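Survey of secondary and tertiary structure
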Amino acid sequence: MKIISGGVCASKGFTANGVHCGIRHNRTKRDLALIFSEVPASTAAVYTTNLVKGAPLVVTKKHIENGIASAVICNSGNANTCNANGIEIAEQMSDLVASALSIPADDVVVASTGVIGQPLNIEPIKKGMDELAKGLSSDNGLLAAEAIMTTDVAVKEIAVEFTIDGKVCHIGGIAKGSGMIHPNMATMLVFITSDVSISSEMLSKALKSDIKETFNMISVDGDTSTNDMVVVLANGLAENKKIEKDDDDFKVFMKALNTVNVSLCRMIAGDGEGATKLLECSVHGAKTLDIAKIVAKSVICSSLTKAAMFGADANWGRVLCAIGYSGADVDVNKIDVSFISKKGEIAVCKNGSGVDFSEEKAKEILLEKEITIAVNLNDGEFNSKAWGCDLTYDYVKINGDYRT
């Protein structure tokens, strides 16, 4: 398995494009993306658990009940959520794509991201559809990735190449996510494409299994968005023997999917609103997997820990505090904590108590852009990881006037 370029266009038969159609006032920002498979694709999705759901999620869920889709349309700048005509607008977006690409409207996945509670005008999307569809190309995956961004600073895309049944296969993905990230089913918006031949049932099983260890394990700010969605389309053009059961081929596919998802998780967490650092909490030695996951997520979600990492302050007591209120069944007298970066590793806690360490060395380690908070519970054989970012002044600045 190897990392390749191309994002959502790395897989055979997929094209994409992104344009500025006028939803966003800034003309330098693309705000409409389209991904298209030249043949209908097996499709699976997971959605936010927030009771307030964007209209596009409702429409998408209905459209892919049969496990098939051919295209994804996504706008940024407006979430189309809590709008009286939201469903109507989402359906109109599907109709526009269907007309432009000569496919059934029910084969279109619809997504929106941006401000909640503001009406979405369909006119800019109508005007931009011709340019969007005509510009579809296997070289334009990056443009689609740019068009789904809101407060994101960095484009998020990844693709891998691997072999199943003697056939060269691919999975690629793009994502957006910077704020309102504390998912319980997905995270903001993630679109994944593959040319693997796999049934929609097995695709759904793969996605639902993998997000438990990937997208459900990231947090930027503790807010679960109304529009979170992860969608996977697999069109079968790699021509491998169709995966229809949990066999060795399925395991290879799962590994490739996990590679893509972990990469996107790290990109999302590291690009949190106002963030300067990517944080990873790596938990070892738990009695159960659930305990390991609860501990890792609690540490990553701790505002005090996040603030300490921003200040490069080795305040390990905040890590212990987060573990203590997590509700996980742990023996606090067995816990070890270390901080790790490319500058080295330093132990700060042993058996639940502080140890002598160099504050100067600790600060050097914590000034790096990627930091691992290593926690050993010394109580079992289960491990887990969670991803997040530091909490900075800029997070408040960005969200203090996000709407206005």
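Everything discussed here concerns the structure shown above.
Quick summary incoming for the structure in this document. (Residues numbered from 1 in each chain as written. Predicted model: local features only at pLDDT ≥ 70, side-chain atom pairs only at ≥ 80, totals over all residues. Heavy atoms only, no water.)

**Description of the overall build of the chain**
Scanning the chain from N- to C-terminus turns up 11 helices and 15 strands. Taken over the C-alpha trace, the chain has a radius of gyration of 22 Å; the compact-globule value for 404 residues is 22 Å, and the two agree within 12%. Based on the C-alpha atoms only, the size of the chain along its principal axes is roughly 70 × 55 × 35 Å. Expressed as a percentage of its 404 residues, the buried residues of the chain come to 57%. In the chain, 80% of the contacts between residues at least 6 apart in sequence involve partners at least 24 apart. Considering the chain, the positive charge centre built from 40 side chains and the negative charge centre built from 50 side chains are found 1 Å apart. (Helix = DSSP H or I, 4+ residues; strand = E, 2+ residues; numbered from the N terminus. Rg over C-alpha atoms; globule rule 2.2 N^0.38 Å. Buried < 20%, exposed > 50% of the residue type's maximum accessible area, 1.4 Å probe, protein only. Contact = heavy atoms within 4.5 Å. Lys, Arg positive; Asp, Glu negative; His and termini not counted. Charge placed at Lys NZ, Arg CZ, Asp CG, Glu CD.)

**Structural notes on unusual backbone geometry**
If a residue is not glycine, its phi is most likely negative; likewise, a peptide bond is most likely trans. Of note, the phi angle at D165 is positive, near 55°, even though the residue is not glycine. By secondary structure assignment, the location of D165 is in the loop between β6 (156-164) and β7 (167-176). On the basis of relative accessibility, which here comes to 41%, the residue D165 falls in the partly exposed class. One non-glycine residue, N351, lies in the positive phi region at around 55°. Among the structural elements, N351 can be located in the loop between β12 (344-350) and β13 (353-354). The class for N351 is partly exposed, based on a relative accessible area of 42%.

**Quick word on the pairing of β12**
Pairing between strand β11 (residues 336-341) and β12: five bridges, direction antiparallel. In the strand pairing of β12, S341 is matched with G344. Connecting β11 to the antiparallel partner β12 that follows it, the hairpin turn spans two residues. As judged from the two bridges shared by β12 and β13, these two strands associate in the antiparallel manner. Bridging across to β13, K350 finds its partner in S353. (Pairing = 2+ DSSP bridges.)

**A word on helix α5 (residues 200-210)**
Along an α-helix, a turn takes 3.6 residues, which lines up residues three or four apart on a common side. Within α5, the full set of buried residues consists of S200, M202, L203, S204, A206, L207 and D210. Tucked into the core, α5 has its buried residues touching β3 (32-47), β9 (229-234) and α6 (248-270).

**Here's the deal with the sheet that holds strand β10 (residues 278-286)**
Spatially, β13-β12-β11-β14-β10-β15 is the arrangement adopted by the six strands of the open sheet, whose pairing is mixed. Only two strands of the sheet have a single neighbouring strand rather than two, namely β13 and β15 (382-389). Where β10 lies against strand β14 (residues 370-376), seven bridges are found, and the strand directions are parallel. Across the sheet, the residue bridging to E280 is T372, located in β14. Sitting on the sheet, α6 touches β10, β14 and β15, and the angle it makes with β15 is about 40°. Across the sheet, helix α8 (residues 303-310) is in contact with β10, β11, β14 and β15; its angle to β14 comes to roughly 135°. (Axes fitted to C-alpha atoms, helices over the stretch in contact; angles between N-to-C directions.)

**Some thoughts on the packing of aromatic side chains**
Taken as a whole, this structure holds one aromatic pair when the rule is applied. Where F310 meets Y393, the ring centres are 5.3 Å apart and the plane angle is 90°; that geometry is what we call edge-to-face. Of this pair, F310 sits in helix α8 while Y393 sits in helix α11 (residues 393-400), and the two are 83 residues apart along the sequence. Accessibility expressed as a relative area gives 28% for F310, which makes it partly exposed. (Phe/Tyr/Trp six-rings, centres within 6.5 Å; stacked < 30°, edge-to-face > 60°.)

**A word on the environment of E131**
The residue E131 is located in helix α3 (residues 123-134) in this model. For E131, a relative accessible area of 49% translates into the label partly exposed. Among all residues touching E131, those that are not within four sequence positions of it are N17 and V19.

**A look at the nonpolar core**
Ranked by internal contacts, the top residues of the largest apolar core, which has 72 residues, are F253, F339 and V375. Ranked by residues supplied to this core, first place goes to α6 with 10 residues. For V375, the residues in contact, after removing those within four places along its chain, are C281, S282, V283, H284, V295, V319, I323, I335, D336 and V337. Judged by nonpolar contacts, the second largest core, of 26 residues, contains A33, C74, A145 and I148. (Core = buried A, V, L, I, M, F, W, Y, C linked by side-chain atoms within 4.5 Å.)

**Concerning helix α7 (residues 289-301)**
In this model α7 runs 18 Å from its N-terminal to its C-terminal C-alpha over 13 residues, within 8% of the 18 Å that 1.5 Å per residue would give. Those residues of α7 that fall on the buried side of the exposure criterion are I291, A292, K293, V295, A296, K297, S298, V299 and I300. In this fold, the buried residues of α7 make contact with β10, α8, α9 (317-324), β14 and β15. (Expected span 1.5 Å × (residues − 1).)

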